[in-house]
Amino acid sequence: MQKPARLSQQHLIVFTRYPEPHRAKTRMIPLLGAEGAANLQRQMTEHTLSTVKKLQVLEKISVEIRFTGGNLQLMQAWLGETLLGEKLDQKLDNNLIYQPQGEGDLGTRMARSLSDSFCLGAKKTIIIGTDCPAIDPQLLQTAFAYLDNSDLVLGPALDGGYYLIGLRDSIPDIFSQLFQNIDWGTSQVFPQTVGIAQKLKLSITYLRSLADIDRPEDLEIWNAQRMASESKDRGKPRHGEE
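The structure contained in this document is the topic of the report that follows. (Residues numbered from 1 in each chain as written. Predicted model: local features only at pLDDT ≥ 70, side-chain atom pairs only at ≥ 80, totals over all residues. Heavy atoms only, no water.)

## Topic: the nonpolar core
- Formed by 31 residues in total, the largest nonpolar core has its most connected members in Leu-12, Ile-128 and Leu-164.
- Elements with a minimum of two residues in this core: strand 1 (10-17), helix 1 (29-58), strand 2 (62-68), helix 2 (72-79), strand 3 (96-100), strand 4 (124-128), helix 4 (137-146) and strand 6 (162-168).
- Apart from residues lying up to four places away in sequence, Leu-12 is in contact with Val-52, Leu-55, Ile-61, Ser-62, Val-63, Glu-64, Ile-126, Ile-128, Leu-140 and Phe-144.
- Core analysis: the next-biggest nonpolar cluster, separate from the first, contains 27 residues, Leu-154, Ile-165, Phe-175 and Leu-202 among them. (Core = buried A, V, L, I, M, F, W, Y, C linked by side-chain atoms within 4.5 Å. Buried < 20%, exposed > 50% of the residue type's maximum accessible area, 1.4 Å probe, protein only. Helix = DSSP H or I, 4+ residues; strand = E, 2+ residues; numbered from the N terminus. Contact = heavy atoms within 4.5 Å.)

Structural data, given as structure tokens:
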């Protein structure tokens, strides 16, 4: 387990899984097979980190990979030690931080990661997964900005969950309650979370609703988003060109 030297005041945590066949994207196995589902997990994680890399050019943030499956060596061999390609330097915020998600349900693991980030000096922390390819750098930048004036930022997913949750360190004693008594994996996740936040009298800002890629019928969304991203990247002028 890594011991990060410091975190930026803005900290982004990416929850993902090592792309091991039969363990990754298991709902996709009937359509894609075990290897194909694992490859989808790999592609979607790399797509998400490509987005985060673009954000790191715009904003001073530290980035953490909270992983399950595999180990530190496998994760670093896959995703590298930095996003921007610099030589690894313990003083650079561009270094990728890797931590295992640990035990417990999704809520327990997210609460733990948030607690760790605030203990290490983050003022604003956002968690995303790798299932929502429509997340872009501008949306993440906006989410961090919203935390200047809101306790909680939520990105609702069309299936009733959420693709992003962000909190600021002004509520360290109560934020863990947001992850208790939630029916994870159901369409009740978002409304239950909002209900708890309202009872805690937290100020909330909502991002636009986006689709998660969880089931075989969602693959069309992934393919369309990937093609749009590739087309957008091809349309950008190369360095030195106008």
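## Considerations on the pairing of strand 5 (residues 152-156)
- Within strand 5, 5 of the 5 residues are buried, leaving the element largely enclosed by the surrounding structure.
- What you see with strand 5 is no split at all: Leu-152, Leu-154 and Pro-156 on one side and Val-153 and Gly-155 on the other are buried throughout.
- Relative to strand 6, strand 5 is paired through 5 bridges, and the arrangement is antiparallel. When the bridges of strand 6 are listed, Gly-155 appears paired with Leu-164.
- Count of turn residues in the strand 5/strand 6 antiparallel hairpin: 5 residues, of which Gly-160 carries a positive phi of about 100°. (Pairing = 2+ DSSP bridges.)

## Thoughts on the pattern of salt bridges
- Counted by the stated rule, this structure contains 8 salt bridges.
- When the shortest N-O distance is used, the salt bridge between Asp-131 and Lys-25 registers 2.6 Å. In this pair, Asp-131 sits in the loop between strand 4 and helix 4 while Lys-25 sits in the loop between strand 1 and helix 1, placing the two residues 106 residues apart along the sequence.
- Take Asp-131: its relative accessible area is 23%, and that puts it in the partly exposed class.
- Arg-66 is the salt-bridge partner of Asp-116, the closest N and O atoms lying 2.8 Å from each other. Here the residue Asp-116 occupies a position in helix 3 (residues 106-119), and Arg-66 occupies one in strand 2, the gap between them amounting to 50 residues.
- The exposure class assigned to Asp-116 is partly exposed, which follows from its relative accessible area of 31%.
- Taking relative accessible area as the criterion, Arg-66 reaches 3% and is therefore assigned buried.
- Linked through salt bridges whose partners overlap, the residues forming this network are Glu-64, Arg-66 and Asp-116. (Salt bridge = Lys/Arg side-chain N within 4 Å of Asp/Glu carboxyl O.)

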